[in-house]
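# Examination of the molecular architecture
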Amino acid sequence: MKVCVIGAGVSGLPAIKSCIEAGLDVVCYEKSSDIGGLWNYRPDQDVGGTVMKSTVVNTSKEMMAYSDFPPPEDWPNFMHHSYVQKYLRLYAEHFSLIKYIHLNSEVKSVKKDEDIHKWRVTLKSGQSEIFDKIMLCTGHHAIPYYPQFRGLEKFKGKILHAKEYRDYHGFEDKNVFILGIGNSALDIAVELSKISKSVTVSTRRGTWVFNRAAQAGMPYDIVFQSRLYYWLMKVLPWTIANDFMEHRLQQRLDHDLYGLRPNHRFFQQHPAVNDNLANLLASGLITITEDIETFDETGVIVKGGRHFDADVIILCTGYTFSFPYLDPSTLIPII
Ligand SMILES: NC(=O)C1=CN([C@@H]2O[C@H](COP(=O)(O)OP(=O)(O)OC[C@H]3O[C@@H](n4cnc5c(N)ncnc54)[C@H](OP(=O)(O)O)[C@@H]3O)[C@@H](O)[C@H]2O)C=CC1
């Protein structure tokens, strides 16, 4: 059986490995010039998504590792993206995956040939090949989500999406207004807080903020993966588990005081992970504010009427995803 893996990132690499182990004939097409997907930091390119220069992954290496290939012991628990990329390369080399990967090979279309019940994969170069099965490993952090905001067109400053943000250059002494409070928003806010004139983060519903370093500096996701916690999670009612977690987080950072407390309970949503936020809020270097009401030429008006001057608005509003190369593109419905 012949399988085509599209994308040579974190999912594409183990997909190739699994195909080889199952004795399948596998070919992987990767549109950029290297493996790694998001973790292949490409400051000057706009092919697919990429991390920012200072990104440190917010899952510990113990938890994010492939189970059959742990990262080297002496590497940090939370890896800078350059280590993640090195790790992916080691993995690909260890399992001899590189020879199956065709770099700079963008898939233009994947179409079912109904006569032979197989898939025709056509590259941008025009080359085309038939496969029995296709594995779509193209990720979901490459297409920015741009919500519609009333009055945004009035704003005269610069507007960009987090996807375009690479590093702090160009933001020195600027009034920066960040929209959204996911991990992109907080990573960017922390990075700019000491060099920009002001950094304001607007959120419509707040978030719970976790720290990478839990007790004794241990990664939070290891501390909470103990048998005791598993057992507690099984026997305790959700509300008590939520009370427990929220109480712990409140001890590190008063979510009410800084306008962060969300309406949802801790286990209902993906939390933000940030070790520097509490300190920077206490230092007045980052301000959290309400949801957007509207915009004017010089800045942002939030619910309640407060105005924030802004030179730059960064939309950290997340990503959407689709499979534009699928023909028809609705082949996989996205809800
Ligand atoms: N260091 C790391 O490891 C990093 C990891 N990541 C990961 O990448 C993924 C993407 O993160 P991120 O880019 O932060 O995107 P997210 O989807 O996590 O966050 C998007 C944010 O935008 C807000 N938003 C969306 N639409 C609107 C709107 N119309 N009005 C107001 N606010 C809006 C959301 O608010 P609401 O919650 O109300 O919908 C939310 O706060 C996540 O899984 C994240 O954990 C990202 C950066 C760094």
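What counts and how
Residues numbered from 1 in each chain as written. Predicted model: local features only at pLDDT ≥ 70, side-chain atom pairs only at ≥ 80, totals over all residues. Heavy atoms only, no water. Helix = DSSP H or I, 4+ residues; strand = E, 2+ residues; numbered from the N terminus. Buried < 20%, exposed > 50% of the residue type's maximum accessible area, 1.4 Å probe, protein only. Lys, Arg positive; Asp, Glu negative; His and termini not counted. Salt bridge = Lys/Arg side-chain N within 4 Å of Asp/Glu carboxyl O. Polar contact = N/O pair within 3.5 Å; in protein donor to acceptor, adjacent residues only side chain to side chain. Contact = heavy atoms within 4.5 Å. Near = heavy atom within 4 Å. Areas by Shrake-Rupley, 256 points an atom, 1.4 Å probe, with all protein chains shown as cover. Phe/Tyr/Trp six-rings, centres within 6.5 Å; stacked < 30°, edge-to-face > 60°. Lys NZ or Arg CZ within 6 Å of the ring centre and 35° of its normal. pLDDT = per-residue confidence, 0-100. Core = buried A, V, L, I, M, F, W, Y, C linked by side-chain atoms within 4.5 Å.

Topologically, Lys-61 is positioned in helix α2 (residues 61-64). Buried charge without a salt bridge: Lys-61, with Glu-62 as the nearest opposite-charge side chain at an N-O distance of 4.5 Å. Among the polar contacts made by the side chain of Lys-61, one reaches the main-chain carbonyl oxygen of Trp-75 at a distance of 2.6 Å. The contacts of Lys-61, once residues within four sequence positions are left out, are Pro-71, Pro-72, Glu-73, Asp-74, Trp-75, Pro-76, Asn-77 and Met-79.

Turning to the site of the ligand, a few remarks are in order. Inspection of the region around the ligand gives 22 residues, with Val-56, Ile-181, Asn-183, Ser-184 and Arg-204 positioned closest. In this structure, Arg-205 approaches the ligand through a side-chain N or O atom, which is 2.9 Å from an oxygen atom. Compared with its free state, where it exposes 920 Å², the ligand has 77% of that area covered by protein. With three residues, helix α4 (residues 183-193) is the largest single contributor of residues to the shell around the ligand.

All right, on to the pattern of salt bridges then. Evaluation of the coordinates by the stated rule reveals 13 salt bridges. The partner of Asp-327 in a salt bridge is Lys-111, and the shortest N-O contact between them spans 3.7 Å. Residue Asp-327 is located in strand β20 (residues 326-327), and its partner Lys-111 is located in strand β4 (residues 107-113); the two are separated by 216 residues in the primary sequence. Lys-111 gets classed as partly exposed once you look at its relative accessible area, which sits at 45%. Via salt bridges that share partners, Lys-17, Glu-21 and Asp-68 belong to a single interconnected network.

A few words now on the side chain of Ser-202. Checked against the element boundaries, Ser-202 lands in strand β11 (residues 198-202). For Ser-202, the side chain forms a polar contact with the main-chain oxygen of Glu-290, separated by 2.8 Å. For Ser-202, the contacting residues outside a window of four places in its chain are Phe-177, Ile-178, Leu-179, Gly-180, Thr-289, Glu-290, Asp-291 and Ile-292.

Using the criterion set out here, one finds 21 aromatic pairs in the structure. With centroids separated by 6.0 Å and ring planes inclined at 80°, the aromatic side chains of Phe-210 and Phe-224 adopt a geometry described as edge-to-face. A residue pair is termed long-range when its members are at least 10 positions apart, and Phe-210 in strand β12 (residues 209-210) and Phe-224 in the loop between α5 (220-223) and α6 (227-235) qualify at 14 residues. Side by side, Phe-210 and Phe-224 carry an identical accessibility label, which is buried. Ring pairing ties together the aromatic residues Phe-78, Phe-210, Tyr-220, Phe-224, Tyr-229, Trp-238, Phe-244, Phe-266 and Phe-267, which thus form one cluster. The ring centre of Phe-95 lies 4.7 Å from the NZ or CZ of Lys-17, which sits over that ring.

The subject of this paragraph is the confidence of the model for the protein chain. As a general rule, the predicted coordinates of low-pLDDT regions are not to be interpreted in detail. Within the protein chain, residue pLDDT values average 95, and 100% of them lie at 70 or more. Taken together, the chains of this predicted complex give a pTM of 0.95 and an interface ipTM of 0.98.

Further remarks concern the environment of Pro-271. Along the chain, Pro-271 turns up in the loop between α7 (238-252) and β13 (272-273). Residues Pro-271 and Cys-28, 243 residues apart in the sequence, show an inter-C-alpha distance of 34 Å. Once residues lying within four places of it in the same chain are set aside, the contact partners of Pro-271 are Asn-183, Thr-207, Trp-208, Phe-210 and Phe-266.

Moving on: the nonpolar core. Counting residues in hydrophobic clusters, the biggest one holds 28 residues, and the most contacted among them are Ile-178, Ile-188, Ile-286 and Ile-314. Elements with a contribution of two residues or more to this core: β10 (175-179), α4, β11, α8 (277-282) and β18 (312-315). The element that contributes the greatest number of residues to this core is α4, accounting for six residues. Ignoring any residue separated from it by four or fewer positions in sequence, one finds Ile-178 in contact with Ala-185, Ile-188, Ala-189, Val-199, Thr-200, Val-201, Ser-202, Ile-314 and Cys-316. Counting residues in hydrophobic clusters, the runner-up holds 25 residues, among them Trp-39, Trp-75, Leu-97 and Ile-101.

It is worth spelling out unusual backbone geometry at this point. Residue Asp-327 is joined to Pro-328 through a cis peptide bond whose omega torsion reads 5°. A positive phi angle, near 50°, is found at Ser-96, a position not held by glycine. Structurally, the position occupied by Ser-96 is in the loop between α3 (81-94) and β3 (101-102). Owing to a relative accessible area of 36%, Ser-96 belongs among the partly exposed residues under this scheme. For Ala-216, which is not a glycine, the phi torsion comes out positive at approximately 60°. Of note, Ala-216 is situated in the loop between β12 and α5.

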